[in-house]
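Remarks on the overall topology
What follows is the residue order along each chain.
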There are 2 protein chains.
Amino acid sequence: MPELRHDPIQRRWVIIATERAKRPCDFTGSVDETPNGNFCPFCEGNEHTTPPEVYAHRVNGSEPDKPGWTVRVVSNKFPALRIEGELDREGEGVFDKMNGIGAHEVVIETTDHNLHLPDQPLEHLERIVRAYQSRLKDLMKDPRFRYVLIFKNHGVTAGASLSHPHTQIIATPITPRTISMELNSARDHYVRKERCLFCDIIRQELKDGIRVISQNEDFVAICPYASRFPFEVFIAPLVHHHTFVNISEGQIKSLSQILKDVLTRLKVSLNDPPYNFVFHVAPNTKAKAKRPGYWTTLEYDWHWHIEIMPRLTRVAGFEWGTGFYINPVPPEDAARYLREALDQEENACAN
Amino acid sequence: MPELRHDPIQRRWVIIATERAKRPCDFTGSVDETPNGNFCPFCEGNEHTTPPEVYAHRVNGSEPDKPGWTVRVVSNKFPALRIEGELDREGEGVFDKMNGIGAHEVVIETTDHNLHLPDQPLEHLERIVRAYQSRLKDLMKDPRFRYVLIFKNHGVTAGASLSHPHTQIIATPITPRTISMELNSARDHYVRKERCLFCDIIRQELKDGIRVISQNEDFVAICPYASRFPFEVFIAPLVHHHTFVNISEGQIKSLSQILKDVLTRLKVSLNDPPYNFVFHVAPNTKAKAKRPGYWTTLEYDWHWHIEIMPRLTRVAGFEWGTGFYINPVPPEDAARYLREALDQEENACAN
């Protein structure tokens, strides 16, 4: 059983995957090897090699776990957390732990092994976004889960262990620290000003314009003022809205459009860089909470959003140790490059 | 002039190195290339190619910035922060910024291009540790600097851009977020219990024994209970002590010994892995402070230490986005492997 352990110094929970303990020898190869073989469990026809599907968009009335799907969600075969069991918290001297209850799913975005998000037709991207939403909605019915993470690792450098296009979903019995920090900042700002922090930022960014990459009817994409990484992107609803779970069909369309737009700009101007994206959704208000009633103001003070982080620099080790980032590309420059990426052929890197 | 920018959502300062703005094309090569040429500015004889030295251990009365040194500290030729100027804070709408004042130095550990820390003779490691201490002491005289970071990137994957053995020192006008978090946790624990949090942890670890790698007269090395990374190591003084700046000659010797011991164990059992280490020293009590008097209890509630993070897994992108870590190697197993690393030849990975 995996364990969640709490670090009392950093006040951070860590998943210790006790079941797949690795010997040092498992690490002595180069970490730069692409762990990609010939057989792909996510390709059509190989449905029997994955755990059963928990969601699928299917055509022609095809059967579950058989070919005929366009988007398919399955449990992760090697989950970081286990779905069965009750949450159990325990002290261990100065430390705290709980058993590693959670869900770990994979959204297989397409049957095509090589067709990644920016190259999908818009209507297919919408299907993928609907799959995210549906799984989020379903997982949030479980009161054991305080938070549901939707994230993507694209490229080996960004942590992808299989190259077939996929997104991961992890439901956790705690709120990840980064999200907690954001929830607290937003709450504090609201208490002081009775305004949403994110709305304030978005208003200022739209007025300044220099860090805006693109926008549509419902969403805006910007390079954040204090970007940690070169070409980091922040996507958020233009009008205050606290949760991705209940966005409308129209918003699903515009979200898919801006995701395709931004990922295409990154791909074109940075030569298909490795990247991660993470959805920052609202925490699960139906979960058994540490402070009951704490989330009652979410609707006013929280603004859901997406972070996209291209993995272009190597400075991460130092950053891991300190939380202190050095970014060699001012976000104003990054936004300008990305804005111009699709306009001018001559912007393409000549080589 | 580089800028420090504050993210009001994450409450995190970021260095935006505005002067060395990079175009997208600068990133389109593989990030896995070793950026190492034939000429090495850190090798003996090339002293004129670096900024003037600010510290050196020299033999035979040799002149500054000439051959004859054993350890040499110079300013970074491409500093992330600038040493000249006054601190200046300014608002920018909802955002905050200050000018990028700080120091960025390089400790060139040896004249030998290929002799890394674990293979240094003990007395040379002591010279290197003395260089760290001397620079820390000197930089902390400057009231503009709230914190001084001593850290090392070993190997390309860990962010080293030059392979000649070196350590970096960055003095900053803010306390990095990770350090602040630890200072606050330690302070809270002390307020509740009148005991040092780190002393409590060390006592428990020594009693349990399962996560201890090695110890000597003054220091202990353990794999932390909630390790984020496989084979992560924490080194701390056995007896409560809050600052590295004034450790004794005897402690310098035992620190060098345990550093050599642990780095040798990592090298032997993990095939010379890329790694980062970061010293978590006390903040600069002579700095102009946000809350004057806040550091008066440091002596009781803070316990300096070192974090060593081997870079063996690729999961970092997701972790960057969430602060949530999945570690596939339980620290008990990691500690056992490292404890046994030097004892048994048959532990060597057969391949």
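Summing up its helical and strand segments, chain A has seven helices and 15 strands in all. Taking 2.2 N^0.38 as the reference for a compact globule, 351 residues should give roughly 20 Å; the C-alpha atoms of chain A span a radius of gyration of 21 Å, in line with that estimate. Here chain A, with 351 residues, has 49% of them falling under the buried criterion. Sequence-distant contacts, at least 24 apart, represent 69% of the contacts inside chain A between residues at least 6 apart.

This paragraph deals with the sheet that holds strand E8 (residues 147-154) of chain B. All names here are of chain B. Spatially, 10 strands are ordered E3-E4-E7-E9-E8-E13-E14-E12-E11-E10 in an open sheet, and the strand pairing comes out antiparallel. Each edge of the sheet is formed by a strand with only one pairing partner; in this case those strands are strand E3 (53-58) and strand E10 (212-215). Pairs of neighbouring strands in the sheet enclose a mean axial angle of 15°, with direction left out of account. The pairing of strand E11 (residues 219-222) with strand E12 (residues 233-237) spans four bridges and is antiparallel. Paired with Val-220 across the bridge in E12 is Ala-236.

Regular strands have side chains that alternate between both faces of the sheet. Residue and element names in this part refer to chain A. Burial of strand E7 (residues 103-108) is extensive: six of the six residues sit out of reach of the surface. Along E7, one buried face is formed by Ala-103, Glu-105 and Val-107 and the opposite face, lined by His-104, Val-106 and Ile-108, is buried too. In terms of strand pairing, strand E4 (residues 69-75) meets E7 through four bridges, oriented antiparallel. In the sheet register, Val-73 faces E7, and the bridge partner there is Val-107.

This part takes up the relation of the copies chain B and chain A. Take chain B, turn it by 180°, move it 0.0 Å along the axis, and it overlays chain A with an RMSD of 0.0 Å. What we have between these two chains is a two-fold relation. Both copies contact each other with a shared surface, as 100% of the interface residues of chain B are interface residues in chain A too.

Turning our eyes to something else, we now look at the interface of chain B and chain A. Across the contact, 79 residues belong to chain B and 79 residues belong to chain A. Here the residues of the side of chain B that touches chain A are counted per class, giving 43 nonpolar, 20 polar and 16 charged. Bridging between strand E2 (residues 12-16) of chain A and strand E15 (residues 325-327) of chain B involves three bridges; their strand directions are parallel. Bridging across to E15(B), A:Val14 finds its partner in B:Tyr325.

This part takes up the nonpolar core. As a rule of thumb, nonpolar side chains are buried together in soluble globular proteins. Counting residues in hydrophobic clusters, the biggest one holds 94 residues, and the most contacted among them are B:Val107, B:Val148, B:Phe231, B:Val233, B:Ile235 and B:Val262. Per-element accounting of this core gives the leading share, eight residues, to helix H4 (residues 249-270) of chain B. Beyond its immediate stretch of four places on either side in the chain, B:Phe231 contacts B:Leu266, B:Leu270, B:Pro310, B:Leu312, B:Val329, B:Ala334 and B:Leu338. Listed in part, the 92 residues of the second largest apolar core include A:Ala103, A:Val106, A:Val107 and A:Ala221.

Bringing the environment of B:Met1 into the picture now. All names here are of chain B. Tracing the backbone shows Met-1 in the segment before strand E1 (3-7). When the C-alpha atoms of Met-1 and Lys-288 are compared, they prove to be 22 Å apart, with 287 residues separating the residues in sequence. Look past the residues within four positions of Met-1 in its chain and what remains in contact with it is Thr-18, Arg-82, Asn-99 and Gly-100.

Moving on, we come to the pairing of strand E14 (residues 305-310) of chain B. Residues and elements named next belong to chain B. Burial of E14 is extensive: six of the six residues sit out of reach of the surface. Side-chain alternation along E14 places His-305, Glu-307 and Met-309 on one buried face and Ile-306, Ile-308 and Pro-310 on a second face that is also buried. Where E12 lies against E14, three bridges are found, and the strand directions are antiparallel. Bridge pairing in E14 places Val-233 opposite Ile-308.

Residues and elements named next belong to chain B. Even without being a glycine, Phe-231 presents a positive backbone phi close to 65°. Within the secondary structure layout, Phe-231 lies in the loop between E11 and E12. Of note, the phi angle at Asp-272 is positive, near 50°, even though the residue is not glycine. Its location among the elements puts Asp-272 in the loop between H4 and strand E13 (275-280).

A sheet is described by the order of its strands in space; here five strands give the open sequence E5(A)-E6(A)-E1(A)-E2(A)-E15(B), paired in mixed fashion. Of all strands in the sheet, those with a lone pairing partner are strand E5 (89-92) of chain A together with E15 of chain B, marking the two edges. The average angle at which neighbouring strand axes cross in this sheet is 30°, direction not considered. In terms of strand pairing, E5(A) meets strand E6 (residues 95-99) of chain A through four bridges, oriented antiparallel. Within E6(A), the residue paired with A:Gly91 across the bridge is A:Asp96.

Moving on, we get to the packing of helix H1 (residues 122-139) of chain B against H4(B). All names here are of chain B. The contact between H1 and H4 brings their axes to 9 Å, and the two run at 115°. Taken as axis vectors, H1 and H4 run roughly perpendicular relative to one another. Taken as a pair, H1 and H4 cross one another with a handedness that is right-handed. Taking contact as the criterion, the partners of Leu-122, Leu-125, Glu-126, Val-129 and Arg-130 in H1 are, on H4, Ile-252, Lys-253, Leu-255, Ser-256, Gln-257, Leu-259 and Lys-260. Within the contact of H1 with H4, the residues separate by chemical class into six nonpolar, two polar and four charged.

What follows covers helix H7 (residues 331-340) of chain B. Because an α-helix completes one turn every 3.6 residues, residues spaced three or four positions apart along the sequence face the same direction. Among the residues of H7(B), B:Pro331, B:Asp333, B:Ala334, B:Ala335, B:Tyr337 and B:Leu338 are the ones counted as buried. Tucked into the core, H7(B) has its buried residues touching E10, E11 and H4 of chain B.

Turning our eyes to something else, we now look at the environment of A:Thr111. Residues and elements named next belong to chain A. Along the chain, the position of Thr-111 falls in the loop between E7 and helix H1 (122-139). Spatially, the C-alpha atom of Thr-111 lies 15 Å from that of Thr-49, the residues being 62 residues apart in sequence. Each residue touching Thr-111, except ones within four places of it in the same chain, is listed here: Cys-43, Glu-44 and Thr-70.

So, on to helix H2 (residues 177-193) of chain B. All names here are of chain B. With 17 residues, H2 extends 24 Å from end C-alpha to end C-alpha; this agrees with the ideal 24 Å at 1.5 Å per step. Of the residues making up H2, those classed as buried are Thr-178, Ile-179, Glu-182, Leu-183, Ala-186 and His-189. Angular distribution of buried residues about the axis of H2 spans 135°; they occupy a single face of the element. Along H2, exposed side chains directed more than 90 degrees from the buried face belong to Val-191 and Arg-192. Where H2 terminates, the next one or two residues include Glu-194, which has phi positive at roughly 55°.

Residues and elements named next belong to chain A. For chain A, per-residue confidence averages 90 on the pLDDT scale, and 91% of positions sit at 70 or higher. Here residues 29-35 is modelled with pLDDT under 50, and outside its nearest four sequence neighbours on either side it reaches six contacts, counting other chains as well. Reported confidence for the predicted complex is 0.90 by ipTM and 0.92 by pTM.

Definitions and cut-offs
Residues numbered from 1 in each chain as written. Chains lettered and ligands numbered in written order. Predicted model: local features only at pLDDT ≥ 70, side-chain atom pairs only at ≥ 80, totals over all residues. Helix = DSSP H or I, 4+ residues; strand = E, 2+ residues; numbered from the N terminus. Rg over C-alpha atoms; globule rule 2.2 N^0.38 Å. Buried ≥ 20, exposed ≤ 12 C-beta atoms within 10 Å, placed from the backbone. Contact = placed C-beta atoms within 7 Å. Pairing = 2+ DSSP bridges. Axes fitted to C-alpha atoms, helices over the stretch in contact; angles between N-to-C directions. Least-squares fit on C-alpha atoms with pLDDT ≥ 70 in both. Nonpolar A, V, L, I, M, F, W, Y, C, P; charged D, E, K, R; others polar. Core = buried A, V, L, I, M, F, W, Y, C linked by C-beta atoms within 7 Å. Parallel < 35°, antiparallel > 145°, perpendicular 65-115°, else oblique. Left-handed = near helix turned anticlockwise from the far one by under 90°. Expected span 1.5 Å × (residues − 1). Arc of directions from axis to C-beta. pLDDT = per-residue confidence, 0-100.

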